[in-house]
Every structure is written in structure tokens, then in C-alpha cells.
Amino acid sequence: MTPVGTDSRPPAGSPIKAVHTVQALRAQVDAWRSKGLKISFVPTMGALHAGHLSLVRKSTTIADRTIASIFINPRQFSPTEDLETYPRNEEHDLKQLAAQGCDLVYVPSRDAMYPKGYQTSIVVPELSQGLCGTSRPHFFGGVATVVCKLLNQCRPDLAVFGEKDYQQLLIIKRMVTDLDIDVKIIGSAIVREKDGLAMSSRNAYLSSQDRATAGHLNRVIAEVARTIASGARADEALCRGRAALLSTGFPSIDYIEVRSADDLTLLGPGVIDQPARVFVATVIGKTRLIDNWPIDKNQ
Ligand code: AMP
């Protein structure tokens, strides 16, 4: 294992270096920075799938060194959510990260992130309203707080986030602008299963029947997006989309909406003439699924 604080790259196939403290993380970051290397960061909660790994691959193409973090952030789970049962597979995650060319993994403990006496929260109030903010009011404050801490700890030049969590991506962009955090936030396209279901660590919770139903979610919102892109009224397309979801076996729909791709302003009911996306969330079994699809007039 390469000692912390050096800038050399271990040979391909070596076990990845994992650090658990801010001090060890910064020693490595400082060593790389002193060599003029550009550093990119990919925060995750682990249980990695091809979606996460695509962010790591993108990161390796835009920076000289890539750091991933694995931290299941308790502040973004409500007491009734799955904090203690959230999928964990650290050994496998580390191997996958190494195979993608990730240079360092930061795995802080809960106590190190939120020691006794910890009090501070970051809230991005307007962007956190609506969509997932309505049914998960605790969520985006927890996300913004942990991402702010991780960015301060790591001080990367770039950080890569998935468009799968589009509201989160815009919240993080707003936060780094508002707080003058010197990092460029890069969005990365959604990676999907063969049937189009957006990859998610929580898909592992789905029964085989629910998994089959889940595969319709992207198909329906893609159709809604295409219909709106071709000039149909948003309210009519959404109404048909809602009916299609209920008839394919989704017990209920949390939301299906068209919003601005730039600032999440609710759009419609008529024709859409600005960059926009269709956003959807539903719960099937005990699993919450979210997805979004661009409304692209050129598709
Ligand atoms: P998580 O581990 O769920 O907190 O996700 C860590 C990062 O991976 C976030 O930036 C997510 O948006 C991103 N991500 C999760 N699933 C996907 C996916 N299917 N495609 C692209 N990015 C994803």
C-alpha cells in the first residue's frame, strides 16, 4: 500500500488506498496538489453499482486524481427510513473503485463526521421544496450538510454527481455558489438497467414482481417527455402518464411533474418552451423509486 502523503500512483490492479480521517485525506490531497494535479471527488453511500462507477469513470477523464467517499449519512434518513438496513458491501466497493481507476477512497466514521456537540446544518430552502422535499422534508438538509462537509474536508477541484438525483444536483450547485465553495460541480447522465430502470442501491429491495413493474417507470416518463416535446400540453401528457403508471401496477404516485431543468420551477399546464424535465417518484412495496427524463425537442 502506498503510504499516505505521497503522490505516486500504485500499479494497476493494486488494492485501493482507503483513508478514514480528514488528516489522512488532506495529507494525500495536499501532496497531489503540490504536484499541480487536478483532483476530482465522487461522494457515495456505497453499495456501488454501474451508475456510481460511471461517475468515477467520468471523474478519471476530467481530473488527474479521483477520490471517492463511502459514507451512509444518518442526517439524510428520517427515523422511519432504512438507515440501519441500507445495503453495505465495502469490500466489493473498494475492488470496483480500484478497477475503475479511482485513486483513493475516503471512508469516515459517523463519529468523525458528527462528533458529540455537532450542531450545524446547511439548508437550501427553495430548491429543497417540492418533488422529493415534500415527502422527505429532512432529506436535502442532510444531503447539503454532508456534501458541504465532504467538500471542505477533501477540497477537490471538481466533484461529480448523478442526474438521477437531479434535485440534489441543483441543490449542491446552488450551495457551492452561495457559500463560495471553490469547486466545479459536474452532472453525469443516468445509468440504467437493460429495461431502462434507473440503477439505484435500493433496487435490491424490490421483489421480482415489483422489479418487473419498476421497469415501466422510465418507459412511461420517456413517453410523457416525447409527447410534450412534440408540442402536446403538459397537463394532458402528465394525466396520461399517471394513468399508465397506475395501470401497469404502481400502487400510487408520489409525483409526476414537469419542471424547469435550470431551477426546478413547476411548468405547464400548457405547451413547454424552455429546458425542462419530467420528474417522477413512486413507492412500490417499501421501495421509493425516482427518475427523471429530459424534454428534448430534437429527439
Ligand atoms: P448514492 O450512493 O445513492 O448517494 O449516490 C451517489 C452518487 O451516485 C449521486 O451523485 C447519485 O446521483 C449517483 N447515482 C446514483 N445512481 C445513479 C445512476 N443510476 N446513474 C448515475 N448516477 C447515479
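Here the structure is shown first, and the text comes after it.
Residues numbered from 1 in each chain as written. Predicted model: local features only at pLDDT ≥ 70, side-chain atom pairs only at ≥ 80, totals over all residues. Heavy atoms only, no water.

A few points about the site of the ligand
The condition that has to hold: By convention in these notes, a residue is near a molecule or strand provided one of its non-hydrogen atoms lies within 4 Å of it. Under this definition, polar contacts are N or O atom pairs within 3.5 Å; protein pairs additionally need one hydrogen-donor-capable and one acceptor-capable atom, and for neighbouring residues in sequence, both atoms have to be side-chain atoms. Only the protein chains shown count as cover for residues, and all accessible areas are computed by the Shrake-Rupley method using a 1.4 Å probe. Only DSSP runs of H or I covering at least 4 residues are called helices, and only runs of E covering at least 2 are called strands; the numbering of each starts at the N terminus.
Surveying the vicinity of the ligand reveals 16 residues, the closest of which are His 52, Gly 162, Asp 165, Val 191 and Met 199. Take Met 45: an N or O atom from its main chain is 2.9 Å from an oxygen atom of the ligand. Contacts to the ligand include His 52, whose side-chain N or O atom sits 2.8 Å from an oxygen atom. Burial of the ligand by the protein chains amounts to 92% of its free accessible area of 480 Å². Counting only elements with at least two residues in the shell around the ligand, the list comes to strand 2 (39-44), helix 2 (50-62) and strand 5 (158-162). The dominant element in the shell around the ligand, judged by the number of residues it contributes, is helix 2, at 3 residues.

Regarding the packing of aromatic side chains
Under the convention used in this document: Geometry of aromatic contacts follows a simple scheme: Phe, Tyr and Trp rings, the Trp one being its six-membered ring, pair when their centres are within 6.5 Å, and the pair is stacked under 30 degrees between planes, edge-to-face over 60, tilted otherwise. To sort residues, take the accessible area from a 1.4 Å probe on protein chains only and compare it with the maximum for the residue type: under 20% means buried, over 50% means exposed, and anything in between is partly exposed.
Here the structure, examined in full by the defined rule, presents 5 aromatic pairs. A ring pair is formed by Phe 71 and Tyr 114, whose centres lie 6.2 Å apart and whose planes are at 50°; its orientation type is tilted. Separated by 43 residues along the polypeptide, Phe 71 in the loop between strand 3 (65-70) and helix 3 (90-99) and Tyr 114 in the loop between helix 4 (110-113) and helix 5 (132-135) bring together distant segments of the chain. Among the residues examined, Tyr 114 registers a relative accessible area of 13% and is labelled buried. Members of the aromatic cluster, connected to one another through ring pairs, are Phe 71, Tyr 114 and Tyr 118.

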